[in-house]
Amino acid sequence: MSLPEWRNQLKGSLRTAAEIARTFDLDLDEVKRIARQFKIQITPYYASLIKRKGDPIWRQIVPDPAELDTESGAMDPLAEDEDSPVPSIVHRYPDRCLFLVSHMCASYCRFCTRKRKVGDSSKIHPRHIEEGIDYIGAHPEIRDVIVSGGDPLMLSDWRLESILSKLRAIPHVEILRIGTRIPCVLPQRVTPELAAMFKKYHPLFINVHFNHPDEITEESGRALGLLADAGIPLGNQTVLLKGVNDDPETMKRLMQKLLTVRVRPYYIYQADYVQGSEHLRTSVGKGLEVLQGLRGWTSGLAVPYFVIDAPGGGGKIPLIPNYVESYDDKRVVLRNYAGETFVYPQPKDREKERDGEKGRRDRIRRRRPSIEPCLDVAPPV
Ligand SMILES: *Cc1c(COP(=O)(O)O)cnc(C)c1O
Ligand code: SF4
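Because the structure is predicted, anything quoted here is derived from the model rather than measured. Sequence order sets the numbering: in each chain, residues are counted from 1 along the sequence as written. Here every chain gets a letter starting at A, and every ligand a number starting at 1, in the order they are written. With pLDDT at 70 or above as the cut-off, local features in this predicted model cover only qualifying residues; side-chain atom pairs require 80 or more to be listed or tallied, and sums for whole chains, interfaces and linings still use all residues. For side-chain calculations, the full set of non-hydrogen atoms in the structure is used, while hydrogens and water are omitted.

## Side note on the packing of helix H6 (residues 127-137) against helix H7 (residues 157-168)
Definition in use: To get an axis, a line is fitted to the C-alpha atoms, and for a helix only the part in contact is used. The angle between two axes follows their N-to-C directions and goes from 0 to 180 degrees. By the criteria applied, helices consist of DSSP H or I runs no shorter than four residues and strands consist of E runs no shorter than two, each listed in order from the N terminus. Working definition: roughly parallel below 35 degrees, roughly antiparallel above 145 degrees, roughly perpendicular at 65 to 115 degrees, and oblique for all remaining angles. Here is the rule for handedness: rotate from the far helix to the near one, and if that takes an anticlockwise turn smaller than a right angle the crossing is left-handed, while a clockwise turn gives right-handed. Contacts between residues were defined by any pair of non-hydrogen atoms, one from each residue, lying within 4.5 Å. Only Asp, Glu, Lys and Arg are considered charged in this grouping, and only Ala, Val, Leu, Ile, Met, Phe, Trp, Tyr, Cys and Pro are considered nonpolar; every other residue, Gly among them, is considered polar.
At a minimum axis distance of 10 Å, the contact between H6 and H7 shows a crossing angle of 15°. Comparing their axes, H7 and H6 come out roughly parallel. In this structure, H6 meets H7 at a crossing whose hand is right-handed. From H6, Ile129, Glu130, Ile133 and Ile136 reach across to H7, where they touch Ile163, Lys166 and Leu167. Partitioned by chemical class, the residues of the contact of H6 with H7 number 5 nonpolar, no polar and 2 charged.

Structure follows, in structure tokens:
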């Protein structure tokens, strides 16, 4: 019997140091040194999107000697291991958790936050899955489970269904989410059978991961179409990467193209401070500039949140370009997307509002700092 196309893609993936060095004309010893640190693998499909040396696809996936720089970055920049009650769970927020079910990816991104874990079956192992399900079952506050990894879609349909059905059987789990890069790097994996299986476990959301407009092809469009037709709301998470998407025009095109394949941009991440990816990080100001190039200039649907996942485990923190020029009890001076200034008069009875009953006053006080610091969050970029 012939293998399905996605299995062929995986079988034919570039993975040995010799193959990688030969294909991309790199120094073999260097590739070997990188491979000892961080897993390397590229599907023939994703490799075929490379047009020339050092282009945005290349930069994401072809190993670079700069990865051997150990001076900057952390192995676990988000301190996920500290919020990990059992090996397969990261439980940081009050009502939701990550559930890591696969150590494998179809292609390994050079900037991956979980570089320390992906590709290592001892760190994310099938025996940890039952433990994870038990943990979620024992924690009634968890109403949202984000199935992640590695890439969950590297599991067989059967294994994936066994996980989803067990999660669905837990009464307090309201929604399921899957985070996957498969539609971008191995779209052949998304079959009508897989989509039909997912359909049984609604409400199910999928967040995909595209970083450049050239990744949206006929093949990936077909995969996303199958998922969308199965009624799955699709979101996208993009990592802001130097030389890949760190200019407003490229990012705008990516966000617009995502909408054409029925994917709603969800997050743009500032690149994590992860060891071996210093050459791909940008300044935070660049991210704000990119965001400013979206809001107002294109559909609001194409404008995601820009977040920094705080080093040390603080979680995701949104950053918004500064549209408030000044702010007091009488008026708020605002700048629109095109740089023009507008004034919004505050209500006259604002004094009275502040003299109201105590609880209300406390609420207002507590709210004020969340407005005022945004005055100096970001210099106009
Ligand atoms: C990103 C993340 C989530 C999900 O966050 P949302 O903002 O709800 O998408 C949950 N847990 C951890 C540990 C995360 O890093
Ligand atoms: S697909 Fe995701 S988990 Fe896998 S290497 Fe890329 S960023 Fe990391």
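And the narrative resumes.
## Quick word on the pairing of strand E4 (residues 175-179)
Regular strands place their side chains on alternate faces of the sheet. What counts here: Note on classification: 1.4 Å probe, protein chains only; a residue is buried when its accessible area is under 20% of the maximum for its type, exposed when over 50%, partly exposed between these limits. Only strands joined by at least two bridges in the DSSP assignment are considered to pair. Whether a crossover is right-handed depends on one test, that the path from the first strand over the helix to the second runs clockwise when the strands point away from the viewer.
Taken across its 5 residues, E4 has 5 buried, putting it largely inside the fold. Neither face of E4 is open: one carries Ile175, Arg177 and Gly179, the other Leu176 and Ile178, and all of them are buried. Bridging between strand E3 (residues 144-149) and E4 involves 4 bridges; their strand directions are parallel. Each residue of the ladder has a partner; that of Val147, found in E4, is Ile178. Each parallel crossover has a hand, and for E3 linked through H7 to E4 it is right-handed. Here E4 pairs with strand E5 (residues 204-208) via 4 bridges, running parallel.

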